[in-house]
Amino acid sequence: MIDIKTEGLTADSLSLAYYEGDAVTYAVNHVSLSLPKFGFVGIMGPSGSGKSSLLYLLSGLKVPTEGGVYLDGVPYHRMAERQRVRLRRERFGFVFQQPFLFSYLTAFENALIGAPDDDHRARRHAVELFNRLGITQYRERYPHHLSGGERQRVCIARAMLNNPSVIFADEPTAALDHATGHHVMDILIGYRDRGLVIVVTHDPEMLAGSDVIYRLRDGELEED
Ligand SMILES: Nc1ncnc2c1ncn2[C@@H]1O[C@H](COP(=O)(O)OP(=O)(O)OP(=O)(O)O)[C@@H](O)[C@H]1O
Ligand SMILES: [Mg+2]
């Protein structure tokens, strides 16, 4: 049994089913897990096994068809949508599988999208993150003049800018070469003292430093 009252992020018998006619597909099938407030957690599994769906459920971006998600004991389904939006904006950071940037904003402006214009602390933080992520020289470039890996790193800077309690990262190193991928993972692993980092990846090497690895198959959690 999962103790939903514990600190951190808890999934209690979480399911996401899609109905097409009489057929039911479980993207996520009765998954229960308990993630700590601080730590680095990996999620692995073949394509279509439900990794992105599980991240969406854990972050409240999708609503489960069964079960619930609890943050520090508070269930998402008892929150108003407005509260969930605020939670995601203020306490969560996202790196989506398809890097999403506004084409009419520069890399730097994209990273700062969640911060007020006059927030000098956020700007200084963005400068520091761009530096650490090795993308300082691309600050003033627009997304269509960036490579996939450069865009991905801008998304990572944006996700970390707010010092979130939880970072949800879906294949954050997919567009990066080996060395850059490891460098970015080191930065994400380094965040484990400040919050919870959940990383979806196909590449087990990228999870070498993780506290725990969950494996999904056909929407179900595999026992280790
Ligand atoms: N809107 C939908 N309707 C029906 N089935 C869906 C829908 N969205 C997702 N699925 C199915 O849910 C399953 C899980 O999808 P998901 O995107 O979570 O997988 P994934 O593990 O992230 O895969 P990948 O590694 O390719 O990104 C897949 O079988 C997918 O086809
Ligand atoms: Mg996916």
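**With respect to empty space enclosed by the protein**
Stage number 1. All told, the structure shown has one cavity of 30 Å³ or more when counted by the stated rule.
Stage number 2. Considering only enclosed or pocket space, the largest cavity measures out at about 70 Å³ in volume.
Stage number 3. What lines the largest cavity is simply Ser52, Leu55, Tyr56, Ser59, Leu61, Phe94, Val95, Phe96, Gln97, Phe168 and Asp170.
Stage number 4. Secondary-structure elements contributing two or more residues to the lining of the largest cavity are α1 (51–58), β6 (92–95) and β7 (166–170).
Stage number 5. It is α1 that contributes the most residues to the lining of the largest cavity, three residues altogether.
Stage number 6. Here the lining of the largest cavity is built from residues that sort into seven nonpolar, three polar and one charged.

**Topic: the coordination of the magnesium ion (ligand 2)**
When four donors bind a metal tetrahedrally, each ideal donor-metal-donor angle is 109.5 degrees, and when six bind octahedrally, the ideal angles are 90 or 180 degrees.
Stage number 1. Looking at the magnesium ion (ligand 2), the protein donor atoms are Ser52 (OG) and Gln97 (OE1), and they sit 2.0 to 2.3 Å from it. Placement of Ser52 in helix α1 and of Gln97 in the loop between β6 and α3 (107–111) is noted, with a sequence separation of 45 residues between them.

**Thoughts on the site of ligand 1**
Stage number 1. Taken together, the neighbourhood of ligand 1 is formed by Tyr18, Ala27, Pro46, Ser47, Gly48, Ser49, Gly50, Lys51, Ser52, Ser53, Gln97 and His202.
Stage number 2. Side-chain polar atom of Ser52 to an oxygen atom of ligand 1: 2.9 Å apart, as the coordinates give it.
Stage number 3. In this structure, Gln97 approaches ligand 1 through a side-chain N or O atom, which is 2.8 Å from an oxygen atom.
Stage number 4. Starting from 640 Å² of accessible surface for ligand 1 in isolation, the protein chains cover 64%.

**Details of the nonpolar core**
Stage number 1. Counting residues in each nonpolar core, the largest one holds 37 residues, and the members touching the most others are Phe40, Phe130, Met160, Leu188 and Val199.
Stage number 2. The element contributing the most residues to this core is helix α5 (residues 148–160), with six residues.
Stage number 3. Sequence-distant contacts of Phe40, that is, excluding residues within four places in its chain, are made with Met185, Leu188, Ile189, Arg192, Val197, Val199, Leu207, Gly209, Ser210, Asp211 and Val212.
Stage number 4. In terms of nonpolar packing, the next biggest core, distinct from the first, is built from 29 residues, Leu16, Leu54, Leu58 and Met79 among them.

**Points about the sheet that holds strand β1 (residues 9–20)**
Stage number 1. Pairing within the open sheet is antiparallel, and its four strands lie in the order β2-β1-β4-β5. The open sheet has two edge strands with one neighbour each: β2 (23–35) and β5 (74–75).
Stage number 2. Pairing of strand β4 (residues 66–71) with β5, which is carried by two bridges, proceeds in the antiparallel orientation. Bridged to Tyr70 within β5 is Pro75.

**Let's talk about helix α6 (residues 178–189)**
Stage number 1. For α6, with 12 residues, the first-to-last C-alpha span of 16 Å sits near the 16 Å given by 1.5 Å per residue.
Stage number 2. Buried positions along α6 lie against β3 (39–44), α4 (120–132), α5, β7 and β8 (196–200).
Stage number 3. Two to three positions downstream of the cap, the backbone nitrogen of Ala179 sits 3.1 Å from a side-chain oxygen, assigning the N-cap of α6 to Asp177.

**Section: the layout of surface pockets**
Stage number 1. The computed volume of the largest pocket comes to approximately 580 Å³.
Stage number 2. Lining the largest pocket are 23 residues, with Arg89, Phe92, Ile113, Gly114 and Arg158 sitting closest to its centre.
Stage number 3. Those elements giving two or more residues to the lining of the largest pocket turn out to be α2 (81–91), β6, α4 and α5.
Stage number 4. With four residues, the single largest contributor to the lining of the largest pocket is α2.
Stage number 5. Looking at the lining of the largest pocket residue by residue, the classes come out as 14 nonpolar, three polar and six charged.

**Looking at the side chain of Ser53**
Stage number 1. If you trace the backbone, Ser53 turns up in helix α1.
Stage number 2. Among the residues examined, Ser53 registers a relative accessible area of 14% and is labelled buried.
Stage number 3. Residues contacting Ser53, with those up to four places away along its chain left out, are Leu16, Ala27 and Val28.

Calculation notes
Residues numbered from 1 in each chain as written. Chains lettered and ligands numbered in written order. Predicted model: local features only at pLDDT ≥ 70, side-chain atom pairs only at ≥ 80, totals over all residues. Heavy atoms only, no water. 1 Å grid on protein atoms, 1.4 Å probe; cavity = no way out; pocket = protein on both sides within 12 Å on 5 of 7 lines; lining within 4 Å. Points joined across faces, edges and corners; volume = space filled by probe spheres on them. Helix = DSSP H or I, 4+ residues; strand = E, 2+ residues; numbered from the N terminus. Nonpolar A, V, L, I, M, F, W, Y, C, P; charged D, E, K, R; others polar. Donors = N, O, S within 2.8 Å, 3.2 Å for Na, K, Ca; no water. Near = heavy atom within 4 Å. Polar contact = N/O pair within 3.5 Å; in protein donor to acceptor, adjacent residues only side chain to side chain. Areas by Shrake-Rupley, 256 points an atom, 1.4 Å probe, with all protein chains shown as cover. Core = buried A, V, L, I, M, F, W, Y, C linked by side-chain atoms within 4.5 Å. Buried < 20%, exposed > 50% of the residue type's maximum accessible area, 1.4 Å probe, protein only. Contact = heavy atoms within 4.5 Å. Pairing = 2+ DSSP bridges. Expected span 1.5 Å × (residues − 1).

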